[in-house]
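# Survey of secondary and tertiary structure
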Amino acid sequence: MDNFFISTAISYTNGPPHIGHAYEVIAADVIARFKRLEGKNVFFLTGTDEHGLKVQQKAIKLEISPQELADQMSGNFIEMGRALHCSNDDFIRTSEERHKKAVREIWLKMKNNGDIYLDDYSGWYSLIDEAFYNEDELIKDDKGKFLSPNNTPVEWVEEQSYFFRLSSYQEKLLSLYENNFIQPKSKMNEIKNFVEGGLRDISISRKGLDWGIRVPEDDDHSVYVWVDALTNYISALKWPEKSDLFDNFWPGDLHLIGKDIVRFHTVFWPAFLLSAGLELPKQVFSHGFILNKGEKMSKSLGNIEDPMSLAKTFGVDQLRYFLMRETPFGNDGNYSDELLINRVNADLSNDLGNLSQRCLTMVKKNCDQSIPQKNKLNNVDQELLNLVDRKKANIIKLMSSYQISSYISEVFELVSDTNKYFSDQKPWDLKTSDPARMNTVLWISCEMLRRIGILLQPVIPIGSSKLLDFLNIDSDKRLINFLSDDYVLESGKPIKDPEIIFPKIDLIK
Ligand code: MSP
């Protein structure tokens, strides 16, 4: 069986999920669902990153234990995934024993390979990024204070620390970047330049941090959160145990992450794996950020959008569709209620919703609520069906290179073409003048809806299942393979009572 392992980043538990987290897990879900439609055996992983000073400090502020905070927040992330119909196969929490075991083991493997040593550390640390920076990477704010390249505050830290010999991995990393390891390409160039500039060894432990995994054989130190967090990708596959899960899914196919954490995934993580003698993941894809009306979302600006309440207000498919369609995958995108409403009303309610409602209502009323008889096809009919065959390879290629928005836009071209066909052929006029032709036009339109429904399942799983249910398509015949002419609709098969799938949303503000 063809296996496919896709993971998201695991989210910090110092705050509840926001729309940026939703964006990432939805995108991963779309890809996972598409791979399943292609017949692959998929393992889709997401989870929470629970250790570190940030979580500890937040817990102190709330007067609860870090574990209690992590329990609450990871519960929120699990709930968000469910509410948004994400089909992850596992949810890893870094406070779980299965994970801690793997972190201790990877540490020991790196140590036994001679890559870990104890030394004194002094340098700049950003708590928000949980990252160390060289002084030449820092920027100054208008008061002359240093900030990290992500604009987060940094503090000077001096302590004894374990170091990882990152400097030994420069050549190996550079040769890794020769392939398509990092996507999009612009990110690959950025990372390549960084590594070509020379790598310094990195500090991988913190002294006196209570909320973390202890360094094996040295209780005074906790493992640096990024060594801890990155290991989730294999701890969830039961490593270091020998298991079918690990054998089938490692090396992973795709780590899907946001643009702010590419260095950790494409420099640190491969170096840790090389040091531990493990295989490297095949690809890291960095997606853009969702901004709120052009501004970065933050607590202080009070502009954080809660994905659960958006899904409640506008609908799950509607939110998924907007996030995936609006912005080319890899670029930054914008959220606003107006943008969502306009996009959903135009594409889902008008184009797709009206087509299916008009077509299926006619079938219900005029064809005994069954798939109509297909009579002789003319050129226009044939051309519309051929369109899918012609476009199929390209549509699949778009999703294989994670161009999700372009994939959707291509499928919606088919919706427009079918709408045009329906209006041009005027089946309502044919009802009396040429009922046999009306049946053919309705059959072609239903068949196009079947194909469109199959292709849209990864993006709008609820609406597309409804559509395929109306058409009475067997649940095992909804895979990409069934797009072909060999599986066209069977005339005479009863259809279900159609109903409006995507009601128009009123502008509320
Ligand atoms: N815990 C680390 C990741 C460890 S992975 C081994 C982390 N957590 S996070 O909660 O800050 O972010 C989780 C994911 O959400 C990251 O991929 C991050 O880039 C992404 N996003 C956070 N804010 C975002 C937006 N506003 N928009 C889109 N994605 C964003 O980083």
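Residues numbered from 1 in each chain as written. Predicted model: local features only at pLDDT ≥ 70, side-chain atom pairs only at ≥ 80, totals over all residues. Heavy atoms only, no water.

### Considerations on the overall build of the chain
A tally of regular secondary structure across the chain gives 18 helices and 18 strands. In terms of overall dimensions, the chain is globule-like: its C-alpha atoms have a radius of gyration of 26 Å, near the 23 Å expected for 509 residues. Viewed in the frame of its principal axes, the chain has a C-alpha envelope of about 90 × 50 × 40 Å. In the chain, which comprises 509 residues, the proportion classed as buried is 57%. Looking at the chain alone, contacts between residues at least 24 apart form 77% of all its contacts between residues at least 6 apart. When the accessible surface of the chain is summed, it comes to about 21,700 Å², and 46% of that surface belongs to carbon and sulfur atoms. Between the averaged position of the 61 positive side-chain charges in the chain and that of its 75 negative side-chain charges there is a distance of 5 Å. (Helix = DSSP H or I, 4+ residues; strand = E, 2+ residues; numbered from the N terminus. Rg over C-alpha atoms; globule rule 2.2 N^0.38 Å. Buried < 20%, exposed > 50% of the residue type's maximum accessible area, 1.4 Å probe, protein only. Contact = heavy atoms within 4.5 Å. Areas by Shrake-Rupley, 256 points an atom, 1.4 Å probe, with all protein chains shown as cover. Lys, Arg positive; Asp, Glu negative; His and termini not counted. Charge placed at Lys NZ, Arg CZ, Asp CG, Glu CD.)

### Some remarks on the site of the ligand
Around the ligand there are 24 residues in total, and Ile10, Glu24, Asp49, Asp260 and Ile290 lie nearest to it. In this structure, Glu24 approaches the ligand through a side-chain N or O atom, which is 2.5 Å from an oxygen atom. At 2.7 Å, a side-chain N or O of Asp49 approaches a nitrogen atom of the ligand. Considering the ligand on its own, with 660 Å² of exposed area, one finds that the protein chains cover 93% of that surface. (Near = heavy atom within 4 Å. Polar contact = N/O pair within 3.5 Å; in protein donor to acceptor, adjacent residues only side chain to side chain.)

### What to know about the pattern of salt bridges
It is possible for side chains of opposite charge to pair when their charged atoms get near one another. Overall, the coordinates contain 34 salt bridges when judged by the stated rule. The shortest N-O distance in the salt bridge between Glu217 and Lys111 comes to 3.2 Å. Of this pair, Glu217 sits in the loop between β13 (214-215) and β14 (218-223) while Lys111 sits in helix α4 (residues 97-112), placing them 106 residues apart in sequence. On the basis of relative accessibility, which here comes to 33%, the residue Lys111 falls in the partly exposed class. In this structure, the salt-bridge partner of Arg343 is Asp347, at a minimum N-O distance of 3.1 Å. Of this pair, Arg343 and Asp347 both sit in helix α13 (residues 337-366), separated by 4 residues, roughly a single helical turn. Exposure remark for Asp347: the relative accessible area of 9% places this residue in the buried category. The network of salt bridges with common partners includes Glu447, Arg450, Arg451 and Asp485. (Salt bridge = Lys/Arg side-chain N within 4 Å of Asp/Glu carboxyl O.)

### Brief notes about the sheet that holds strand β6 (residues 131-133)
Judged by pairing direction, the sheet is antiparallel, and its 4 strands sit side by side in the order β6-β5-β9-β11 without closing on themselves. Taken across any chain shown, the strands that pair with only one partner, and hence form the sheet edges, are β6 and β11 (202-203). Across 3 bridges, strand β5 (residues 116-126) lies against β6 in antiparallel orientation. What sits directly across from Trp124, in β6, is Tyr133. (Pairing = 2+ DSSP bridges.)

### What to know about the sheet that holds β14
Sheet strands pair via backbone hydrogen bonds, and the direction of the pair is either parallel or antiparallel. Read from one edge of the open sheet, 3 strands run β12-β14-β13, paired in antiparallel fashion. The sheet is open, and its two edges are formed by β12 (205-207) and β13, each paired on a single side. Pairing of β13 with β14, which is carried by 2 bridges, proceeds in the antiparallel orientation. Bridged to Val215 within β14 is Asp218.

### A short note on the packing of aromatic side chains
Across all of its chains, the model carries 26 aromatic pairs by this definition. Measuring from ring centre to ring centre gives 4.8 Å for Tyr121 and Phe132, while their planes differ by 65°; the resulting arrangement is edge-to-face. With Tyr121 in strand β5 and Phe132 in strand β6, this residue pair connects regions lying 11 residues apart in the sequence. One exposure class covers both Tyr121 and Phe132, and it is buried. Aromatic pair Phe164 and Tyr169: ring centres 5.8 Å apart, planes at 10°, arrangement stacked. Residues Phe164 and Tyr169 agree in their burial class; the two are buried. Following the ring pairs from residue to residue traces out a cluster consisting of Phe5, Phe43, Tyr233, Phe249, Trp250 and Trp269. A cation sits over an aromatic face here: Lys54 above Tyr12, 3.7 Å from the ring centre. (Phe/Tyr/Trp six-rings, centres within 6.5 Å; stacked < 30°, edge-to-face > 60°. Lys NZ or Arg CZ within 6 Å of the ring centre and 35° of its normal.)

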